[in-house]
Amino acid sequence: MRNSADVVIVGGGVMGCSMLYYLANLGVARTLLLERDVLGSGSTGRSQAICRMHYSNPVTASLAWESLQVFTNFDQMVGGGSGFVKTGYLVIVEPVDRQGLAQNVAMQLELGIATRLVSAAELRDLAPAVQIFPEEGLAWEPESGYADPYQVTTSYAARARERGAEIALRTSVTGIEVANGRVQGVVTEQGKVAAGTVVVAAGPWSRRVLEGVGVDVPLVPVRHQIMLVTRPVEAVPAHPTVGDIAQSLSFRPDGSNLTMIGFGEDEADVDTYNQGVDMLAAAEVMGRLVRRVPGMADAYFRGGWSGLFTVTPDWHPILDKVPGIEGLYCAVGFSGHGFKLSPMIGLTMAELIVKGRASSVDITPLRFSRFAEGALLSSRYRYRVLA
Ligand SMILES: Cc1cc2nc3c(=O)[nH]c(=O)nc-3n(C[C@H](O)[C@H](O)[C@H](O)COP(=O)(O)OP(=O)(O)OC[C@H]3O[C@@H](n4cnc5c(N)ncnc54)[C@H](O)[C@@H]3O)c2cc1C
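## With respect to the packing of helix H1 (residues 14-25) against helix H6 (residues 149-162)
(1) Moving on: Relative orientation of the contacting elements H1 and H6 amounts to 30 degrees, with a least axis distance of 8 Å. Judged on the interaxial angle alone, H6 and H1 are roughly parallel. Taken as a pair, H1 and H6 cross one another with a handedness that is left-handed. When H1 is examined against H6, the residues Val14, Cys17, Ser18, Leu20, Tyr21 and Ala24 are found in contact with a partner set consisting of Pro149, Val152, Thr153, Tyr156, Ala157, Arg159 and Ala160.
(2) Moving on: Here the residues of the contact of H1 with H6 sort into 10 nonpolar, 2 polar and 1 charged.

In structure tokens, the structure reads:
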């Protein structure tokens, strides 16, 4: 392992690997990514990996839209696969949220995003299996879908390595060294690495890593459950990806005959949380799914898992320099919706590090100081993962 690098990245999830790749593309390849386990072993490998553009804020909608162009042209733009599957994405809101839905769609259209409001009658052609209740609001994104988080992460890692980056697996960062207000490098179980720039991208463990240098970041681990069911394909041959805000769940197809359902937002402990599925909760969620897709009545449980969201007070990430420590950066707090942004997180963070500011998308609304300034981003919904 290198004992010095121009940039050290802490964490080998999709964010760390994406940053490593875009740094190399901008000419910074004497880099080292340190991962305490294996690539994608944190939140990334547990992700539902839905790629939708529906947000309440232009900054995240833009990051998602620009990232979608990368997912859909991954082999040409990066090299390798993203596993992207275009399914279309349907947002369903309760009557009380219809105005917010319309405002979000109008904002997204201004950004050039492929989306529109649809009626229940139109939806019968787009998604005949899906049942809509009176006065619910609907928006449709024809280009959206889901991708494969492991493939994306390892493709970014492979392309970065080809350009000269180094990745050390099973290597925990135990400390960040700071002297005279400046980063000096990191301490690992395998020894020290000198570096003038260190980026923390340690997912749910980021708070702990930053606490080591006296920086308190408002990050809360929240457990989210994923359940897989075998779909009765005669009754439900296909369905789009659905953000069912009205019922606080999301679901998407997974291959030809499985449906993947995401639900639950419970605060959890990063080391001891239950990584399985609660069967009582799963049974209740199946009831909600069948209410939305009646043909799912004969679906059967195939298993599942849980993972951690890393949640900030406004459910949006922090992409910035860490104030008070020259050379220290963080890309943290993705609050359950980071995967879909990951190409642009990598690019904008690389721009910030190399050029001093992100030029592809203005990420200043996601600055570190926004909590202290009271400049939190707002959501039009109570189902906050759709912030
Ligand atoms: C169940 C679930 C469903 C989700 N669904 C979606 C979705 O549908 N769409 C979407 O866009 N997003 C979704 N997300 C969110 C998305 O997956 C995350 O935002 C994203 O994967 C975060 O990536 P990351 O690289 O920041 O973190 P992680 O993947 O957690 O990576 C951090 C890495 O840092 C390593 N690490 C930690 N501490 C250290 C240390 N001290 N030294 C070295 N390495 C360290 C960890 O081992 C880990 O590999 C979901 C998340 C979960 C959990």
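## A word on the pairing of strand E11 (residues 182-188)
A regular strand places its side chains so that they alternate between the two faces of the sheet.
(1) Moving on: Alignment of strand E10 (residues 173-179) against E11, held across 6 bridges, turns out to be antiparallel. Residue pairing in the sheet places valine 173 in a bridge with threonine 188 of E11.
(2) Moving on: Counted along the chain from E10 to the antiparallel partner E11, the turn is 2 residues long, and its residue asparagine 180 has a positive phi close to 50 degrees.
(3) Moving on: With 4 bridges joining them, E11 and strand E12 (residues 191-200) adopt antiparallel strand pairing. Residue glycine 185 lies in a different strand from E12, and its bridge partner there is alanine 194.
(4) Moving on: The hairpin turn running from E11 into E12, its antiparallel successor, is 2 residues long.

## Notes on the environment of isoleucine 261
(1) Moving on: Residue placement: isoleucine 261 occurs in strand E16 (residues 258-267).
(2) Moving on: Along the sequence, isoleucine 261 and isoleucine 325 sit 64 residues apart, while their C-alpha atoms lie 41 Å from each other.
(3) Moving on: Here isoleucine 261 is in contact with Met227, Val229, Leu249, Phe251, Val285 and Leu289, once residues within four sequence places are set aside.

## A look at the pairing of strand E19 (residues 328-332)
(1) Moving on: Across the 5 residues that make up E19, a large majority, 5, are buried.
(2) Moving on: Here E12 runs beside E19; their pairing, made up of 3 bridges, is parallel. Across the sheet, the residue bridging to valine 199 is tyrosine 329, located in E19.
(3) Moving on: Pairing of strand E18 (residues 318-321) with E19 involves 4 bridges; the strand directions are antiparallel. Bridge pairing in E19 places aspartate 320 opposite cysteine 330.
(4) Moving on: Here E18 folds back onto E19 in antiparallel fashion, the turn holding 6 residues, of which glycine 324 has a positive phi close to 90 degrees.

About the thresholds
- Residues numbered from 1 in each chain as written.
- Predicted model: local features only at pLDDT ≥ 70, side-chain atom pairs only at ≥ 80, totals over all residues.
- Axes fitted to C-alpha atoms, helices over the stretch in contact; angles between N-to-C directions.
- Helix = DSSP H or I, 4+ residues; strand = E, 2+ residues; numbered from the N terminus.
- Parallel < 35°, antiparallel > 145°, perpendicular 65-115°, else oblique.
- Left-handed = near helix turned anticlockwise from the far one by under 90°.
- Contact = placed C-beta atoms within 7 Å.
- Nonpolar A, V, L, I, M, F, W, Y, C, P; charged D, E, K, R; others polar.
- Pairing = 2+ DSSP bridges.
- Buried ≥ 20, exposed ≤ 12 C-beta atoms within 10 Å, placed from the backbone.

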